[in-house]
Amino acid sequence: MKKTSTRLADGRELIYYDSRDDVVRDAVDRRPLDPVASSSQIRRDPLLGDSVAIASHRQGRTYHPPADECPLCPSDAGTSQAFGSGGGRLGEIPDSSYDVAVFENRFPSLAGDAGRCEVVCFTSDHTSSFADLTEEQAGLVLDAWTDRTAELSHLDSVEQVFCFENRGAEIGVTLGHPHGQIYGYPFTTPRTALMLRSLAEHKEQTGGRNLFDDVLAEERTGERVVMEGEHWVAFVPYAARWPYEVHLYPKRRVPDLLALEDGARTEFPQIYLELLRRFDRLFGTGESPTPYIAAWHQAPFGTLDDFPGVQRDDFALHLELFTIRRTVGKLKFLAGSESGMNVFINDVPPETAAERLREVAST
């Protein structure tokens with residue numbers, strides 16, 4: 001992998017990740033952009049203890065542009081004047097092609113002392129998706145996630161790094177180009193804090209056993225395993241919240257992407273691409289591509305003093321993949337119980353979901 005870092009016209013960082021070492025990245029962003037001005041702030045809920053990001057400047061972000069005006073496509077010297085005058089289409093990535101590109105979000109939810117937000121473009125092909133990538137391309141994305149996790153972990157404003165992908169208009173995606181995001185939070189997220197509390201309680205109650213290890217061992221013996229390789233295992237969790245939800249764990253517990261062994265890194269594209277392709281086959285060819293969220297859970301880089309007895313290495317890196325579609329033509333909405341009380345009601349038994357995901361395996 002070759003990494004090339006540069007700057008966009010407004011000062012934001014842009015990083016190219018190329019599979020070939022001989023690629024030269026010297027294109028210049030010709031757009032007349034003003035410096036990014038964000039108003040992100042973090043407010044703490046005194047009742048729940050949760051942190052909420054207030055980011056009013058995001059109201060003006062790009063919203064469902066036509067495909068020929070996509071800001072994530074490579075810039076070109078064509079006739080479109082959508083992103084500049086006299087110089088063809090000028091988007092967020094000034095080069096005419098790219099493998100994987102990462103840049104600071106122009107409309108960040110978190111910025112400055114309140115963290116950092118980045119966009120990850122998986123491919124320059126606008127009509128593609130992550131599931132369409134080759135294993136080599138998917139491996140390059142994994143390398144980019146890992147590198148960004150390492151870089152963001154060194155920022156004083158970042159305590160936890162979250163790599164994720166939202167796919168589909170039903171999820172709320174405003175740009176159709178295949179891409180994900182990376183959030184560098186200035187705090188440990190509520191979801192991770194709950195895991196760490198459960199981890200601490202389990203360790204104390206069982207004389208030092210690891211909760212993640214015990215959950216994984218139990219799931220591997222049951223009927224909810226979707227697929228298993230030499231280094232990874234994917235299963236529908238016992239108490240799945242979403243109609244079709246899969247958790248993907250490396251068999252050897254590691255706290256983050258940085259600690260993945262070579263074997264797990266090599267096998268990941270095979271396992272993950274197959275999972276995504278099964279999601280796309282769940283509802284038949286008559287449906288639009290399955291909307292989903294793919295979320296990496298990594299250990300925070302900040303202090304764990306609030307979780308007695310827990311060390312950073314006790315946390316288990318894993319990816320959670322789920323769709324809000326519950327059956328053909330129907331979505332799972334977060335209504336009163338879910339949104340009001342955070343109590344999920346799942347219409348699809350996890351065992352049924354696992355069986356269905358095994359049925360749609362590649363032949």
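Residues numbered from 1 in each chain as written. Predicted model: local features only at pLDDT ≥ 70, side-chain atom pairs only at ≥ 80, totals over all residues. Heavy atoms only, no water.

Draft legend 1. Representation of the nonpolar core in the model. In terms of nonpolar packing, the biggest core is built from 53 residues, with Phe130, Trp145, Leu248, Tyr272 and Trp296 touching the most fellow members. Ranked by residues supplied to this core, first place goes to helix α4 (residues 262–281) with eight residues. Excluding residues that lie within four positions of it along the chain, tyrosine 272 makes contacts with Phe130, Trp145, Glu165, Leu248, Ala294 and Leu319. Counting residues in hydrophobic clusters, the runner-up holds 17 residues, among them Met195, Leu216, Val233 and Ala299. (Core = buried A, V, L, I, M, F, W, Y, C linked by side-chain atoms within 4.5 Å. Buried < 20%, exposed > 50% of the residue type's maximum accessible area, 1.4 Å probe, protein only. Helix = DSSP H or I, 4+ residues; strand = E, 2+ residues; numbered from the N terminus. Contact = heavy atoms within 4.5 Å.)

Draft legend 2. Fine view of the side chain of aspartate 10. Here aspartate 10 is to be found in the loop between β1 (2–7) and β2 (13–18). Here arginine 12 takes part through its side chain, which lies 2.8 Å from a polar atom of the side chain of aspartate 10. Among all residues touching aspartate 10, those that are not within four sequence positions of it are Leu33, Asp34, Pro35, Val36 and Arg106. (Polar contact = N/O pair within 3.5 Å; in protein donor to acceptor, adjacent residues only side chain to side chain.)

Draft legend 3. Just the layout of surface pockets, in detail. Size it by volume and the second largest pocket reaches roughly 470 Å³. In terms of residues, the lining of the second largest pocket owes the most to one element, strand β7 (residues 160–167), which gives three residues. Residue composition of the lining of the second largest pocket, grouped by class: 10 nonpolar, 14 polar and six charged. (1 Å grid on protein atoms, 1.4 Å probe; cavity = no way out; pocket = protein on both sides within 12 Å on 5 of 7 lines; lining within 4 Å. Points joined across faces, edges and corners; volume = space filled by probe spheres on them. Nonpolar A, V, L, I, M, F, W, Y, C, P; charged D, E, K, R; others polar.)

Draft legend 4. How the structure looks around the packing of helix α1 (residues 135–153) against α4. Packing of α1 against α4 leaves a shortest axis separation of 9 Å and a crossing angle of 115°. Note on packing geometry: the crossing formed by α1 with α4 is right-handed. Packed against α1, whose contacting residues are Glu135, Ala138, Gly139, Leu142, Asp143, Trp145 and Thr146, the element α4 presents Arg265, Phe268, Pro269, Gln270, Tyr272 and Leu273 at the interface. The residue inventory of the contact of α1 with α4, partitioned by class, reads seven nonpolar, three polar and three charged. (Axes fitted to C-alpha atoms, helices over the stretch in contact; angles between N-to-C directions. Left-handed = near helix turned anticlockwise from the far one by under 90°.)

Draft legend 5. Geometry of the packing of aromatic side chains. Per the counting criterion, the structure on display carries 21 aromatic pairs. Taking the centre distance of 5.3 Å and the plane angle of 75° together, the rings of phenylalanine 130 and tyrosine 272 count as edge-to-face. One end of the pair, phenylalanine 130, is in the loop between β6 (116–121) and α1; the other, tyrosine 272, is in helix α4, with 142 residues separating them in the sequence. Here the two residues phenylalanine 130 and tyrosine 272 agree in accessibility, since each one is buried. Ring geometry for phenylalanine 235 versus tyrosine 249: centroids 5.6 Å apart, planes at 20°, classification stacked. A residue pair is termed long-range when its members are at least 10 positions apart, and phenylalanine 235 in strand β10 (residues 232–235) and tyrosine 249 in strand β11 (residues 244–250) qualify at 14 residues. A residue is classified by how much of its surface remains accessible, and tyrosine 249, at 7% relative accessible area, is buried. Taken together, the aromatic side chains of Phe122, Phe130, Trp145, Trp232, Phe268, Tyr272 and Trp296 make up a single cluster linked through ring pairs. The side chain of arginine 25 reaches across the aromatic face of tyrosine 16, ending 4.8 Å from its centre. Between the NZ or CZ atom of arginine 241 and the centre of the ring of phenylalanine 344, over which it lies, the distance is 5.8 Å. (Phe/Tyr/Trp six-rings, centres within 6.5 Å; stacked < 30°, edge-to-face > 60°. Lys NZ or Arg CZ within 6 Å of the ring centre and 35° of its normal.)

Draft legend 6. Broad picture of the pattern of salt bridges. Scanning the model with the defined rule gives 32 salt bridges in all. Among the ionic pairs, aspartate 214 bridges to arginine 209, the shortest N-O distance being 2.7 Å. Among the salt bridges present, the one from glutamate 274 reaches arginine 281, with a minimum N-O distance of 3.6 Å. For arginine 281, a relative accessible area of 34% translates into the label partly exposed. (Salt bridge = Lys/Arg side-chain N within 4 Å of Asp/Glu carboxyl O.)

Draft legend 7. Structural view of unusual backbone geometry. Its identity is not glycine, yet asparagine 342 carries a phi of approximately 60°, on the positive side. Structurally, the position occupied by asparagine 342 is in the loop between α5 (336–341) and α6 (350–359).

Draft legend 8. Structural detail: the sheet that holds β2. One open sheet holds the 11 strands; their spatial order is β1-β2-β5-β6-β8-β7-β12-β13-β11-β10-β9, and the pairing between them is antiparallel. Every other strand in the sheet has two partners, leaving β1 and β9 (225–228) as the edge strands with one partner each. Within the sheet, the average angular offset between the axes of one strand and its neighbour, ignoring direction, is 20°. Two strands pair when backbone bridges link them, and β9 and β10 are joined in this way by three bridges, in the antiparallel orientation. Residue pairing across strands places glutamate 228 opposite valine 233, the latter belonging to β10. (Pairing = 2+ DSSP bridges.)

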